[in-house]
Amino acid sequence: MLWRRLHDGWLLVAADGFDDPVHLEGSASDVWELLAVPHTIGELTRSVVAQFGITDVAARGAVESCVAALSRHRLIEADPAGVVRDAEIAPPSSPR
Amino acid sequence: MIAPWTETVAAHGLPTGHRPPGDVLAASTWSRLVTECRRRRLCGALADAIARGSWPTTEAQRTDAFDAQRAVTSRDLLLEQHLLGTLARLESVGVQARVLKGPAVAHLVYPDPALRSFRDIDLLVPGDQMDRAVATLMGVGARRRYPEPRPGFDRRFGKGAAMRHTNRVEVDLHRTLAQGVYGELVHRALAATPSATFTLAGREVETLDRTGLALHACVHAVLGSAPPTLEDLRDVAVALHHPRIELDDLWERAEAWQATSVMCHAIGAAWTELRLDDEHPAIARANRHRPDRRDRRRMSPYLGPGRDTTAMTLGQLGAIEGLGPRVAYLRAVVLPDSALRSPTRRWRRGVDSLRTRLRATSRTRRRPTS
């Protein structure tokens, strides 16, 4: 995958795709950064709850829709055990 | 005329005397500045200055700058996508291409690739692989922007071939890094120029080493356009401030490329336009350099607003080794293939100009004996 870290989030695009780049900001950007290492949906949800102080249900909904969007653009992949990680290359561990 | 404050954006992140505005810019000035930054691939620098709090804006201007950066960066990613596809195609037919300029400089010279956007893809291809590279890209629908004057010209004498794909992406295949005499001189040294790699989508992509990229930035700034553009001078300045580019290595490489005077000219222009720190050892060393008569003669066709393409052609003729190749070069330039004549106005102009020049030279030479 090809990416740039911008000041208001991330721009990502699959290396061999025909889609336009996807812009991630806010909690979607945080979920993406967490995916530098593989996480389950449950782990991602707990991180979002801790970071944004929202309910489990709201966080899970946000995480699932974010993961679905990233999968649709082939930017992440999930193994049979439900562990999600970025598709080819991890973003840098710390922003600029 | 350059929009006000553009130089300040171009100098962002460097030790400069250009100071950001003390207050929010008026709407009309801001609008001109953003347009100029888009045109000069400076949106990343402007967005960075704003994000770091060193450039005052309204909320709307901030959004405007980030939107502009997102748009140009999206284009960069699509170009990198295209680059990977192109490299795979060329590799499959045995062409060993090295990436030049935009993506390579963004990833290896700038502190963050988001600070350097680009408009096309530039690849360095060994001369003996040029025909194969051109044919491969034409095989996937690309078209040459300018025809080859005669078969074999790209491979033997040309700076390169500009290929445009149906999606309007331009891929420039370079045999060398400049037109004219410097193209010939640099070409001889390129094979010995070390490579480096950067990572794109998990793949190691080959380019020149950082010293080579820095020197190419200098060569391109001075020999690619007159006067040098701000964005090209920014590349020179960023490269010269890179902690892993050693000045001794750079000077040594410039000697090998016979381009020390060109490099010093680029450094001088960058330091002047961007008002950079006079204490930096690069400018002190560049200021000590005095181009000799030969270098001044070589550089003169490239400098000034009316670049003298005829003199560049004659300069290259003088640098080509061997009588046979010189005749072949001259023949290709003066008498391009008839099938290519009608659509090549640009070549036509050059040919007419060269013929006029040659006739004048011939009259001058005849005069003393008559």
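Anything mentioned here points back to the structure above.
A quick note: this is a predicted structure, and the numbers were derived from the prediction, not measured.

Scoring rules and cut-offs
Residues numbered from 1 in each chain as written. Chains lettered and ligands numbered in written order. Predicted model: local features only at pLDDT ≥ 70, side-chain atom pairs only at ≥ 80, totals over all residues. Heavy atoms only, no water. Buried < 20%, exposed > 50% of the residue type's maximum accessible area, 1.4 Å probe, protein only. Helix = DSSP H or I, 4+ residues; strand = E, 2+ residues; numbered from the N terminus. Pairing = 2+ DSSP bridges. Axes fitted to C-alpha atoms, helices over the stretch in contact; angles between N-to-C directions. Contact = heavy atoms within 4.5 Å. Parallel < 35°, antiparallel > 145°, perpendicular 65-115°, else oblique. Expected span 1.5 Å × (residues − 1). Arc of directions from axis to C-beta. Left-handed = near helix turned anticlockwise from the far one by under 90°. Nonpolar A, V, L, I, M, F, W, Y, C, P; charged D, E, K, R; others polar. Salt bridge = Lys/Arg side-chain N within 4 Å of Asp/Glu carboxyl O. Buried area = accessible area lost by both parts, 1.4 Å probe. Polar contact = N/O pair within 3.5 Å; in protein donor to acceptor, adjacent residues only side chain to side chain.

K.L.:
Lay out the pairing of strand β5 (residues 170-174) of chain B in plain terms, naming residues and giving numbers.
P.N.:
Residues and elements named next belong to chain B. Within β5, five of the five residues are buried, leaving the element largely enclosed by the surrounding structure. Covered by surrounding structure in β5 are Glu-170, Asp-172 and His-174 together with Val-171 and Leu-173, the residues of both alternating faces. In the sheet, strand β4 (residues 160-164) pairs with β5 via five bridges, with the strands oriented antiparallel. From the neighbouring strand, Gly-160 faces β5, where its bridge partner is His-174. Counting the residues between successive antiparallel strands, the hairpin from β4 to β5 contains five residues, one of them, Arg-168, with a positive phi of roughly 75 degrees.

K.L.:
Explain the environment of Thr-310 of chain B to me, using residue names and the numbers behind them.
P.N.:
With respect to the element layout, Thr-310 of chain B can be found in helix α15 (residues 309-319). Through-space distance from the C-alpha of Thr-310 of chain B to that of Gly-180 of chain B is 9.2 Å; in sequence the pair is 130 residues apart.

K.L.:
Could you give an account of the sheet that holds strand β3 (residues 22-24) of chain A, with specific residues and numbers?
P.N.:
All names here are of chain A. What the three strands build is an open sheet, ordered β1-β2-β3; its pairing is antiparallel. Of all strands in the sheet, those bounded by a partner on one side alone are β1 (2-6) and β3. Neighbour-to-neighbour, the strand axes of the sheet open up by a mean angle of 20 degrees, direction not taken into account. In the sheet, strand β2 (residues 9-13) pairs with β3 via three bridges, with the strands oriented antiparallel. Within the sheet, the bridge partner assigned to Leu-12 lies in β3 and is Val-22. Contacting β1, β2 and β3, helix α1 (residues 27-34) crosses the sheet at an angle of about 65 degrees to β2.

K.L.:
An account of the packing of helix α9 (residues 210-223) of chain B against helix α12 (residues 260-273) of chain B is needed here, citing residue identities and associated values.
P.N.:
Residues and elements named next belong to chain B. Between α9 and α12, the least distance of the axes is 8 Å, while the angle of their chain directions is 80 degrees. With respect to each other, α9 and α12 are oriented roughly perpendicular. Note on element contacts: α12 touches α9 through Val-262, Met-263, His-265 and Ala-266, opposite Leu-215, Cys-218, Val-219, Val-222 and Leu-223.

K.L.:
Hey, could you go over helix α3 (residues 56-72) of chain A for me, with residue numbers and the actual values?
P.N.:
All names here are of chain A. With 17 residues, α3 ought to run about 24 Å at 1.5 Å a step, and its terminal C-alpha atoms sit 24 Å apart, in line with that. Residues of α3 that are buried include every one of Ala-59, Val-63, Cys-66, Val-67 and Leu-70, and no others. The buried side chains of α3 occupy one side of the element, clustering within an arc of 100 degrees when seen end-on. Exposed side of α3, more than 90 degrees from the buried face: Val-57 and Arg-72 are the residues found there. A positive phi of about 60 degrees marks Arg-74, the residue just after α3.

K.L.:
Residues and numbers for the packing of helix α3 (residues 43-51) of chain B against helix α4 (residues 59-92) of chain B, please.
P.N.:
Residues and elements named next belong to chain B. With their axes 9 Å apart at the nearest point, α3 and α4 run at an angle of 140 degrees to one another. Regarding the angle of α3 to α4, the classification is oblique. Seen along the crossing, α3 lies across α4 with a hand that is left-handed. From α3, Cys-43, Gly-44, Leu-46, Ala-47, Ile-50 and Ala-51 reach across to α4, where they touch Arg-62, Ala-65, Phe-66, Ala-68, Gln-69 and Val-72. Along the lines of polarity and charge, the residues of the contact of α3 with α4 split into nine nonpolar, two polar and one charged.

K.L.:
Just give me the short version of the pattern of salt bridges, but keep the residues and values in it.
P.N.:
Opposite charge on two side chains lets them pair, provided their charged atoms get close. Residue and element names in this part refer to chain B. In this structure the tally under the stated criterion is 26 salt bridges over all chains. With a shortest N-O distance of 3.0 Å, Asp-232 and Arg-41 are connected by a salt bridge. With Asp-232 in helix α10 (residues 230-240) and Arg-41 in the loop between α2 (27-39) and α3, this residue pair connects regions lying 191 residues apart in the sequence. You can call Asp-232 buried: its relative accessible area is 6%. With a closest N to O distance of 3.4 Å, Glu-184 and Arg-175 form a salt bridge. By relative accessible area, Glu-184 is classed as buried at 8%. The exposure class assigned to Arg-175 is buried, which follows from its relative accessible area of 2%. Overlapping salt bridges bring together Glu-36, Arg-39, Arg-40, Arg-119 and Glu-231 as one network.

K.L.:
Before we move on, could you go through the interface of chain A and chain B and cite the residues and values that matter?
P.N.:
Taken together, the contact between chain A and chain B spans 22 residues of the former and 24 residues of the latter. Of the roughly 1,800 Å² buried between chain A and chain B on both sides combined, carbon and sulfur atoms contribute 63%. Our enumeration of links across chain A and chain B arrives at two salt bridges. Taken together, the links from chain A to chain B amount to five residue pairs in polar contact (both at pLDDT 80 or more). Elements that contribute at least two residues to the side of chain A that touches chain B include exactly β1 and β2 of chain A. The element best represented in the side of chain A that touches chain B is β1 of chain A, accounting for five residues. When the residues that make up the side of chain A that touches chain B are grouped by side-chain class, the tally is 12 nonpolar, three polar and seven charged.

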